[in-house]
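Chain residues, written in single-letter form:
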Amino acid sequence: MSKTIEIAVFSGDGIGPEITEPTVKILHKLSERASSYILGFTDAPAGADHYARTGESLPHASLEIARRSDAILLSAMGLPNVRYADGTEISPQIELRKALTLFAGVRPVTVRAGQNTPLKMPEGKEIDFVLVRESTEGLFHTQGCGEVTENEARETLLITRAISEKLFKFTFDLAHQRKLAGRGPGRVTCVDKANVFRAFAFFREIFDAEAKKHPTLTADHAYVDATALWMVQKPWDFDVLVTENMFGDILSDLGAGLMGGLGLAPSADIGLDHAVFQPCHGSAPDIAGQGVANPFAMILSAAMMLDWLGFENENPEMRADGQRLREAVEQVVAQGATITRDLGGAASTQAAAEAVEVLMSLEEA
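An account of the accompanying structure is given in this report. Within every chain, residues take consecutive numbers counted from 1 along the sequence as written. In keeping with the predicted nature of the model, local features appear solely for residues at pLDDT of at least 70, side-chain atom pairs appear and are counted solely at 80 or more, and the whole-chain, interface and lining totals rest on all residues. By convention in this description, side-chain values take in all heavy atoms of the structure and omit both hydrogens and water.

Every helix listed is a DSSP run of H or I at least four residues long, and every strand listed is a run of E at least two residues long, numbered separately from the N terminus. A count of helical and extended segments in the protein gives 11 helices and 12 strands. Within these notes, the globule rule equals 2.2 Å times the number of residues to the 0.38 power, and the radius of gyration is based on C-alpha atoms. Against the compact-globule benchmark of 21 Å for 365 residues, the protein has a radius of gyration of 20 Å, which places it among compact chains. Once the C-alpha set of the protein is aligned to its principal axes, its extents read approximately 55 × 50 × 45 Å. Classification of residues uses two cut-offs on accessible area relative to the type maximum, computed with a 1.4 Å probe and protein chains only: under 20% is buried, over 50% is exposed, and between them is partly exposed. The buried share among the 365 residues of the protein stands at 52%. Residues are treated as being in contact if the distance between any of their heavy atoms lies within 4.5 Å. Taking contacts inside the protein between residues at least 6 apart in sequence as the whole, the part at least 24 apart equals 75%. Accessible area of the protein: about 16200 Å², with a carbon and sulfur share of 52%. Charged residues are defined here as Lys and Arg on the positive side and Asp and Glu on the negative side; His and the ends of the chain fall outside this count. Every charge is mapped onto a representative atom, which is NZ of Lys, CZ of Arg, CG of Asp or CD of Glu. Charge separation in the protein, taken as the distance between the mean sites of 33 positive and 50 negative side-chain charges, equals 5 Å. Areas reported here follow the Shrake-Rupley algorithm with a probe of radius 1.4 Å; residue values treat only the protein chains shown as occluding.

Laid out in C-alpha cells, this is it:
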C-alpha cells in the first residue's frame, strides 16, 4: 500500500519559481511510477517578493504548512533591493531553521571523474565529502537583534550544549551511514577555532565526548583556516566535517566552488522532526525570467529529500529514487552536452532538467 508523503513547496524569489517547476515535475513523475509512496505538494508563499507586497516574509499560514508537512522543498529566497528596516535581507530560510530547530545543515560536496572543476585533480581522484553546519545558533544567534550604536556594533556567538550534542550525534550517525554505503571511511572532523575562542574549546569538548560513543569511527580536529587551505589542496581526503554556523556558511561556498559553482550545490537543514531541502545559491534576479538558470542544485536538493524521507519512513524505493536522481544529474554534468551557461554550456533551464528526465527514463528501459 502506498504511503502519501506531504511536501511543502516554497517557490522563492527571482529564479526560484523557474527551478522549482521542473524539479516538482520530476518528483511528480517519480511519484507516479512508485509503488510504495505518493508525493503530495502544497504551495507555501514566503520570501522577499511576498514581503514587498504584504509586509510578511514568512506568513504564519506558510509556517503552519511547513510544520504539518513531512518535508519542505525550498527554492532560492531573497532579493537584494528588498530589505527589512534594519538593512538586512529577507531570509525566510533562516527563520525556518530557527522556528523548526533545524540544527544540522548538510552540504554535500561531490566531484566525479570527468566533471569540470577549477582544481587540477590527480589521476583517479574524486571528491565526496559532507560538511555539516550547525544552523540555528553560532554567530547567527543575534541575527536581526545585534547591538548597534553610533560608535560600535556587537553580535553574540552562542554555542549551547543542547544543540551541539544533537548536532554531533547526527554527524557521527551520518558518517556511519556513509561508511556502510561505501562512500567514506567513517571519519569525522570537527572544524573550529579552539586555539583562540573559549566557545570553540567548549564546542570541541562536546564533540570529543560524542566521539567516544562511536569507537568504530575516526574522530579528529582541524582549525577553520587550515581546513579552507586543505579544501583546495586535498579535498579528496575529507569524509564528514562538522562546524559552527558562520564557519559552515563560508566553507560550504568554498565547497560549491570546488564543484564548479553554486549551481551544483544542494543542501538540507535537518532537525529531529522537520527538514528543509534547498539549493545553496541565491535568487539571481539579474537572470530571472530568461530561462537560463541552472536547475541542478534544486534537483539535487530534491534527491537529498527523497533519500532522507526514505530513511525516515524505512522506504528503500524512495532512497533508491533519490540515488538515481542524484546520479542522473551527475551524469548530465559529467557529459557536458546539456549544461547551463554558468557551467560553460548554453542549455536552457528546461533543457537541462529534461536531460535529467531522459537519463532517468533510459535507466528504467
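So, next bit.
This next bit is on unusual backbone geometry. With a phi close to 40°, Ala284 is a non-glycine residue in the positive phi region. With respect to the helices, strands and loops of the structure, Ala284 is situated in the loop between strand E12 (275-279) and helix H9 (296-312). Despite not being glycine, Glu314 has its phi angle at roughly 50°, a positive value. By the element assignment, Glu314 lies in the loop between H9 and helix H10 (316-335). On the basis of relative accessibility, which here comes to 72%, the residue Glu314 falls in the exposed class.

Here we take up the packing of aromatic side chains. Stacked, edge-to-face and tilted labels apply to pairs of Phe, Tyr and Trp rings (six-membered ring for Trp) whose centres lie within 6.5 Å, assigned for plane angles under 30 degrees, over 60, and everything in between, in that order. For the structure shown, the criterion picks out nine aromatic pairs. Aromatic pair Phe200 and Phe203: ring centres 6.3 Å apart, planes at 85°, arrangement edge-to-face. Taken together, the positions of Phe200 and Phe203, both in helix H6 (residues 198-211) and three residues apart, correspond to about one turn of that helix. Comparing Phe200 with Phe203 shows no difference in burial state: the two are buried. Connected via pairs of aromatic rings, a cluster forms that spans Phe168, Phe172, Phe197, Phe200, Phe203, Phe207 and Phe247. For a lysine, the NZ atom is tested; for an arginine, the CZ atom; a charge sits over a ring if that atom is within 6 Å of the ring centre and within 35 degrees of the ring normal. In this structure, Arg133 is placed above the aromatic ring of Phe140, and the distance from its NZ or CZ to the ring centre is 5.1 Å. Lying across the ring of Trp230, Lys234 places its NZ or CZ 5.1 Å from the centre.

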